[in-house]
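Topology and contacts: notes
The primary structure of each chain is shown beneath.
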Amino acid sequence: MLYFPEICLAGGCFWGTEHFIKKIYGVVSTETGFANGNTDHPSYKEVYTDTTGYAECVHVQYDNTLASLRFLTEMFFRAIDPTSLNRQGEDEGTRYRTGIYFVSQSQVEPIESVVAEVEAALGAKGGASAGEKAVDADLTLPGRWWGLGGKHPLSRVIEETAA
């Protein structure tokens, strides 16, 4: 059985994020869903109220011999506005926040490296004052994950990682 690394990306509306991400060579699969909330089996209607804590998210499996996590992170930040708090374009609310939800500690360094480069580039363009964080994104384990089709197997991985 082949193993493909996975990551969850929250970049506003999950349909737009998924549309962009699944076109990247090396992405094996995508699934839209919700991450980091506080209820079980949330419906889109419930998440839309911004009271569940969930972010619209795309679970991504990728072949790291074809697309590195660093490359995926760079492409993700090119597709969204990483400086925007709780919105992307016309979509506004906490469910549209930006996040990169990693499933293993080995993913942290490449993600943080890209974030630092993006922040430096934004600072050089006057996008952030000295010492101010330009990228407004959650960088954490995905907590609860609910795919649109039900509980995703990733939930098991996260529970084992947290234990």
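Up top is the structure.
Below: a short report on this structure. These numbers come from a predicted model, not from an experiment.

1. Here's the deal with the packing of aromatic side chains
- Scanning all chains against the criterion turns up seven aromatic pairs.
- Plain terms: the ring middles of Tyr-44 and Tyr-48 are 6.0 Å apart, the flat faces sit at 40° to each other, and that makes the pair tilted. Here Tyr-48 and Tyr-44 lie together in helix H2 (residues 44-48), a separation of four residues that amounts to about one turn.
- Among the residues examined, Tyr-44 registers a relative accessible area of 36% and is labelled partly exposed.
- On the numbers, 5.6 Å between centres and 40° between planes, the contact of Phe-76 with Phe-77 is tilted.

2. Considerations on the environment of Val-28
- Structurally, the position occupied by Val-28 is in strand S2 (residues 27-35).
- Since its relative accessible area comes to 42%, Val-28 is described here as partly exposed.
- Between the alpha carbons of Val-28 and Asp-63 there is a distance of 6.4 Å; along the sequence they are 35 residues apart.
- The residues contacting Val-28, other than those within four sequence positions of it, are Phe-4, Gln-61, Tyr-62 and Asp-63.

3. A short note on the packing of helix H1 (residues 14-21) against helix H3 (residues 69-79)
- Interhelical geometry of H1 versus H3 gives an angle of 130° and a closest axis separation of 11 Å. If you check the angle between H1 and H3, you find them oblique. Pair H1 / H3 crosses with right-handed handedness. Contact residues: Thr-17, Phe-20 and Ile-21 in H1; Met-75, Phe-76 and Ala-79 in H3.
- Considering only residue class, the contact of H1 with H3 consists of five nonpolar, one polar and no charged.

Calculation rules
Residues numbered from 1 in each chain as written. Predicted model: local features only at pLDDT ≥ 70, side-chain atom pairs only at ≥ 80, totals over all residues. Heavy atoms only, no water. Phe/Tyr/Trp six-rings, centres within 6.5 Å; stacked < 30°, edge-to-face > 60°. Helix = DSSP H or I, 4+ residues; strand = E, 2+ residues; numbered from the N terminus. Buried < 20%, exposed > 50% of the residue type's maximum accessible area, 1.4 Å probe, protein only. Contact = heavy atoms within 4.5 Å. Axes fitted to C-alpha atoms, helices over the stretch in contact; angles between N-to-C directions. Parallel < 35°, antiparallel > 145°, perpendicular 65-115°, else oblique. Left-handed = near helix turned anticlockwise from the far one by under 90°. Nonpolar A, V, L, I, M, F, W, Y, C, P; charged D, E, K, R; others polar.

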